[in-house]
Structure formats: structure tokens, C-alpha cells
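Architecture and fold: a report
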Amino acid sequence: MAQTACLTLRNSNSVRTDHVPVLSVAEFRDTVVARVGAGAPLMAMFGIPSRGTSTRVFGLVANSEAGTIELCATDIERDYPALTPDCPSAHWFERELAEQWGLRPQGHPWLKPIRFHHSYRPGHDAWQRPSETEIEPGVTDYFAVDGDEVHEVAVGPVHAGIIEPGHFRFQCHGEDVFHLEIALGYQHRGVERAVLGGPTSRTIHYMETLAGDTSVGHAMCYCQAIEGLAGTRVPAYAQVIRGIALEFERLANHVGDLGALAGDVGFLPTASYCGRIRGDLLNMTAVICGNRFGRGLVRPGGVAFDIDESRRDQLLMRLEAARRDVTEAVDLLWTTPSVMGRFEDTGALSRQVATELGLVGVAARACGLERDCRQEFPMGIYRLSHIPVCTADTGDVFARALVRWMEIQRSMAFVDDQLRALPQGALRSPPGALPPSQITVSVVEGWRGEICHVAMTDETGTLSAYKIVDPSFHNWIGLAMALRHQQISDFPLCNKSFNLSYCGHDL
Amino acid sequence: MRIASLCQLLLALVLAPLLPGVINKVKAFVAGRTGPPIVQLYHDMFKLLGKGAVYSETTTSVFRFAPLAGLAAVIVALTLLPIGSVRALLAFPGDLVLLAYLLGLMRFLTVIGALDTGSSFEGMGASREVQFSALAEPVLMLTMVALARQADNLSLSGIYPAITGNTWVQAGPALAMISAALLAVSLAENARIPVDDPNTHLELTMIHEVMVLDFSGPDLAFIHYAAALKLWVFGSLLVGLCLPLRTGQALADVGAFLAGMFLFATVIGIIESTMARLRLLRVPQMLVGAGAIAIVALVLVLR
């Protein structure tokens, strides 16, 4: 019974919204828990207003082997049995549901707001907070450890470096960390709600600025969703350029991360060189579209810029130079014992914990999980040209660095191949009006991991719901767990090895 | 003689801020950058001296008093240091113990200044500083005792002129081990890599830097200056030992000493450019290792 209850969908295909099976709450819970328990990752769980006062909650589970996404839904009035106790990866989604729609998952072990805003349904607040008072981010209960020798260290939301705001609460025993709790939400802008009623000319810009370092990833994911809804065929040339841009984004960020990891352990050579090479790689994106972060490049239906002969040659030349430089700089990391002494066994997560928490991207692959949307749900150029999945098995800072390095090498080879065999043809076939009452799920492997957008249209063909799941949404808890029984002085290193987005989480 | 001693103290007071400048220049060179000018610390100090200081409401007079008192302690320590054959301004049997305690006093003042803020970061930094210096101080004392035994003298101004090229021929292995131990202590005491990272902005990993986070204006200038002088103290101890050029000509000796100091800064710069910082758990192992080396050296000179 539970095996047939879901609707099966391919990446960016669309179906009528009413084809999504609406189960009873118990069936929904059983279905999701059974599939996640059988090893299928939970991609998203989100709500939309339904009949009367109830909320329709959708659950999306990945079927990696078949390359499909399974959908089911249920209507929840207010209280329901929490999924989290049997499906830990749902814990953050259930907190989000509670905050947005006032649903109360009974039995959730740690039900707290995640973004600190008022309920989307006035009068339905999971914590009975009055709607007229302001909710301040980070002001909430924190997990505390009692004891004379236990001390608490609070870091942020204002940090010493130029980074985003987030609050970290450590329970420490001397230098050892017992527990880390992370409070985010300082950058909640309401992006998901701002795009409703669209798409308008503004929507793509919201997507490109969801997480500034993942402009191409989120823009691609959005465009795939719109194209999926409208049934647009993206020209081959555009698909190749998208793939190149996405890999350039991955390259720039991975190289920057390796440099920053070296910087955090005070290893200067790699830190300095990788910082510079990251700039070179960003400049290569600028060669394509004039913007270092790839803004303005990916557009619904295709791309806005081509790569002509002379720019292609320039890119190939620069890429080769960057490849040589980065190989030298990164090889220093692996051959310096003092660096390896810091990376190895620091912030290790087991494969089991990573699976249970539903980690994605580099963090998951570093624990040995073969999760890469370019393989699982390939779209565009990735259907034709495969990039092998890079994994490591120790789950520590070293593994996360190593996975990044392997991905750098493979992405560089991929970009090089694609640039040498650029197809010709149209850049764009603009999507027409969106059909009414459709739903689509779009997935892209951004440099951090799985980016998932779910778009729904209403009877008039405008966006009635838009759900965004940044990889950081899955992975922040991974960072918190990685810090258990670590030295507090290793936190910056662990944090950098995950390098998660605050604004991508806060939306 | 007194004039020469006074001159060498002035030399230290004027030139000490160059050492961090040299270190940073070497690091920048290795990293392929231009780096700040060698005299950057002078600019920073003058800038800070012209500023007002901000004091947290939770601090007491301890906080205001600590930087200046710390600076005074290290200046007094400098008066005990000879350069080459030039005697120190203050010299008496046992002054090497006073030197160690003056450095200890300076650290104590930094630590209570940090604890006075009540910040959890500064408390962590203070705890680390005290833990590591409890291990570094005995190593310093052991090296001093070994040197005193080797030179058969209890005053720094007696020990250092007695170390010559000839001493290295006679007791080379012992002196080499003392130098190695002293270098390890220098790196730990001066908050350099591999013990501490002077460039990091990450409070959770800092030792020295996190203790001085709340100081501003002239107080911060005093702290920077005191740190440079402390580096000069350890540099003098090491250079006097490793480059024992005793021509008898005061000017030539001082010239050789200054060249040695820049070499010392360059070596630190190269160490910082080529290795990562140790995990905090490993720092005590490094210091205990340095202590073991110092003990072996002591056994060798006692033979």
C-alpha cells in the first residue's frame, strides 16, 4: 500500500497539482517514514494553504536509483504526530512548518522557530505568540548543560570576519564541546513569498541573490522549474553554457574553500594562492557574461550570453593556467604534515549520522554517501556528459577537503571538454505562459549540494507556491553534530569545511 | 660602558617594532604578495596613540592599568639583556631569574586584564595562555640554567660574553639543543605559529590576540609595543647564543647582533610560511618536547 501511494516525477517534469495523492495524516507519515527509513533521502517538506483552516503538507522523497522524485501530500489541521522521532531528517522541515503555518508536530524533540517571523496564517502560531509583538531573531530557549565545570560560549550574530550573521551557542567543558546549537534567521527576507503571483521580470533577480555565492545554481534551478511548467525545450547550446557556468561556480567556491581551510590552520602558501586563483575563476565567469558571479547569464528558456571563438580560446587558456596553479597550491596541503595533522580526525561524521540527518552535497559525499544530483537527477548537459561522483569515507575535515579537490579536478576536465566541443544554435527559446494548476520539482547540484525548488501554479497560471530548499537547510545540523566532542578551537575549521550559507537558509 | 649599555637599551626600544615588520614582509614574500611596509607597526602605534580608548562598563581599573604595567615589566626585562660583549644596564648574579619573572609578570598582567572583561572568549584565551606558559616557563628556566652552568656564571651579562665560537666547538651539541628549546619557547611565548596564529580573526582559536580584543587606542598601542619588545627579548637571548661574534669592538658586535635579530625574524617568518598551526591539544606536547631537549642539554653541560 505504502509503495503505491506516491506520485512519481522526474526532475523538472510537471503534473497537474491535483494528481498529487492526498493521503491521511497517518498514511502520509507512514509513507514518508518508510521511504526515508529504506534509505531514500527526504528532499523537502512544505505547506501551502488548503481548504478551510487546514494546511496541505507536501513530502518529497528522492528515489536515486530510478532518478525520480516521489511526491505525496496530506491535509493537517493543527496537531499531528511528528515525523522527526522516526525520521530525523525531517526535524528542520517540521520546525519550519510549525513556524510558517502554526502546525504542531506532537513529539518533536526540539520544536523551535528557525527564522523568527510571524506565522503565515494569522492567529495560528505554534507557540501562541501574540501577533502584534515583534519577534527578534535568536531570542529563544537554548539547549543548556548543567554543571559547575560546564561553561557556555556564545558567538555571533556579529562575527569578527566579513561573514554572514548567525548565532552559535556552545556548551563546553574546558576546551571540549559537549553541544553546539546554531540559531539562524537573521537574514530572513521572505523570498519565497515575494515571488508568488509571478513570475515577473523581478523573479530571476530574487533567485540570483538567494545565496550570492550560488547565483548560477539557484537561477538554473528556477529556470528549470519554469521551463518544466511551461514545457520549454532549452537549446543544446544554452544547456552547455549553463553546465559550464555551474561548474565554474563550483570551481571558484571549492578553490576558495580549500584556501580558506588552509588559512584557518594558519598555512599561508595555499591560503594566499587559492584566494588569488578563486578570483581568476570568478573572472572566467565574467568573461562569459560580464559578472563574476554569473548574474544575468542564466535566463528562463536558455542563457543570455554566448561564448564566441575568441572568448572560448581565452577561457581555455585561463583554465589551463588556473589548473596548473591550483594543482601546485593544493598539493602543498596534502604534503605538509602539519596541515594533515589538523585536517584528519577533526569534525568527523559517520556515514550513519550523515544518512539519518539527510546531509547533501560535499558534506554527504565526504561521509561516503553517493549523493550528487548531476548523477541522480541529471538535466541538460549532465544527461550526456557525466561527471563521476567523488566520495571519501572518513567524514572529517580532511574528507571534505579531499572531495572538494577531486571535484575541482573533474569539473576542470568537464569544462575543458565542453569548451572544446561547443555546439551551435539558438541561445534561448523563451517559455510561454505557464499552464494552470501545475506542480514541478526542479533539482540542481549546486556547489554546496542539492538545490531543490518546487513551483506550483494556480488556475490563472501564476505562481501560487514556491518552495526553495538550499543545501544549507539540510546541512547546518551536520555541522552542529560534527562539533560534538571536538575542541572548540577547531570550530572555525569545521565550519569552513562545511561552508554553509546563512542567507540561503534564511531565505 | 654605562653609555654603551644605555645605547643598546635605546636601540632595543627603537628597533623592536621592526621585528614584526620583517616577519610580515617575509610571510608576504613567500605568499607572493607585496605585504605591508616593514615600519607598519610604527604607523599603527602612532595612529593608536592619537586615538581615545573605549572601556567596557564591566571593566575595572585593572583593565586600564594592565597594558601600561605590562609594558613597564618588559622594558625592565630589557635592561637585563646584554648585547654581545656590551654589559646590560642592570647586571647581578641571578638576574636571569628576574628576567623570567618579569616576563611572567607581563603575562600575569595581560591575563588579569583579559579576565577583567568577563568575556567568555577572553577567559578561554587566558586559560590557554596560562596553560601553555606553565609549560614554557620551565623550559626557559632550564635553558638558562644550562647556559649558566656552561658559562659558570649566574648573570646574563656574564653568561653571554662567555659564549664564543670556541664554546660552540667545545659544547656544540648542548648549545644546539639549548637553542632549539629556546626557539620553541620563543614561538610559544610570542604567540607565533605553530602555537598561535597572529593573523587569524577567529576568536575561538586565538590565544594572545583574544586576550587583547577589548583594548583600544593607546592601550592597544602599548600592548603591540610590549609584544614587539618581548619578541626582542627572546630574539636577543637566541641571537647572543647562536651568533657569538665577539670582536671586542662594540660597534661591530652590535652590528652583528642586529644582523642576527633580522635573521631571527626571517626564520620566524619562514616557519610561519611553511607550516600550519598545531592543534591546541598538541601544543603541550611540543613544549614538553622542548623541555626534554633542554634537560638533555643540561645533563650534557653538567657532565
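Residues numbered from 1 in each chain as written. Chains lettered and ligands numbered in written order. Predicted model: local features only at pLDDT ≥ 70, side-chain atom pairs only at ≥ 80, totals over all residues.

**Examining the overall build of chain A**
- Within chain A, the secondary structure is distributed over 16 helices and 16 strands.
- In summary, chain A has a C-alpha radius of gyration of 22 Å against a globular reference of 23 Å for 507 residues, a match within 12%.
- Dimensions along the principal axes, computed over C-alpha positions, put chain A at roughly 65 × 60 × 45 Å.
- Per-residue burial for chain A yields a buried fraction of 56% across its 507 residues.
- Residue pairs in contact within chain A that sit at least 24 positions apart in sequence constitute 68% of those at least 6 positions apart. (Helix = DSSP H or I, 4+ residues; strand = E, 2+ residues; numbered from the N terminus. Rg over C-alpha atoms; globule rule 2.2 N^0.38 Å. Buried ≥ 20, exposed ≤ 12 C-beta atoms within 10 Å, placed from the backbone. Contact = placed C-beta atoms within 7 Å.)

**What about helix α6 (residues 120-151) of chain B?**
Residues and elements named next belong to chain B.
- Here α6 contains 32 residues, and its C-alpha end-to-end distance of 46 Å stays within 8% of the 46 Å for a straight helix at 1.5 Å per residue.
- Considering bend angle alone, the principal kink of α6 is centred on S133 and spans about 30°.
- D152 occupies a position one or two residues after α6 and carries a positive phi of about 55°. (Expected span 1.5 Å × (residues − 1). Bend = angle between axes of the 7 residues up to and from the residue.)

**Examining the sheet that holds strand β9 (residues 150-155) of chain A**
All names here are of chain A.
- The antiparallel open sheet is built from 3 strands, whose spatial order is β9-β10-β11. Both outer strands of the open sheet, β9 and β11 (176-183), are each paired with one neighbouring strand and no more. Mean inter-strand twist for the sheet, computed between neighbouring axes without regard to direction, equals 20°.
- For strand β10 (residues 167-173) and β11, the ladder comprises 7 bridges, and the chain directions are antiparallel. Bridging from a neighbouring strand, H167 pairs with A183 of β11. (Pairing = 2+ DSSP bridges. Axes fitted to C-alpha atoms, helices over the stretch in contact; angles between N-to-C directions.)

**Quick notes on the environment of F46 of chain A**
Residue and element names in this part refer to chain A.
- With respect to the helices, strands and loops of the structure, F46 is situated in strand β4 (residues 42-49).
- Judged by the 22 C-beta atoms lying within 10 Å of it, F46 is buried.
- Between the C-alpha atom of F46 and that of A322, which follows or precedes it by 276 residues, the distance is 42 Å.
- If near-sequence neighbours (up to four positions away) are discounted, F46 is found in contact with F58, V454 and K467.

**Topic: the interface of chain B and chain A**
- Listed per partner, the contact involves 24 residues of chain B and 24 residues of chain A.
- Looking at the side of chain B that touches chain A, the elements with two or more residues in it are α2 (18-30) and α11 (250-274) of chain B.

**Description of the nonpolar core**
- Membership of the largest hydrophobic core comes to 259 residues, with the highest contact counts inside it found for I178, A181, L229, A294 and A297 of chain B.
- In terms of residues, this core owes the most to one element, helix α10 (residues 217-242) of chain B, which gives 17 residues.
- Both domain 1 (7-106) and domain 2 (191-471) of chain A contribute no fewer than three residues apiece to this core.
- Filtering out sequence-adjacent residues up to four positions away, A297 of chain B remains in contact with A146, A174, M177, I178 and A181 of chain B. (Core = buried A, V, L, I, M, F, W, Y, C linked by C-beta atoms within 7 Å. Domains from an automatic or database assignment.)

**So, the packing of helix α8 (residues 165-189) of chain B against helix α12 (residues 283-302) of chain B**
All names here are of chain B.
- The N-to-C vectors of α8 and α12 enclose an angle of 155°; their axes lie 8 Å apart at closest approach. Here α8 lies roughly antiparallel to α12, going by the angle between them. Crossing angle aside, the handedness with which α8 passes α12 is left-handed. The segment α8 lies against α12, with A171, P173, A174, M177, I178, A180, A181, A184, V185 and A188 engaging M286, L287, A290, I293, A294, V296, A297, L300 and V301.
- Along the lines of polarity and charge, the residues of the contact of α8 with α12 split into 19 nonpolar, no polar and no charged. (Parallel < 35°, antiparallel > 145°, perpendicular 65-115°, else oblique. Left-handed = near helix turned anticlockwise from the far one by under 90°. Nonpolar A, V, L, I, M, F, W, Y, C, P; charged D, E, K, R; others polar.)

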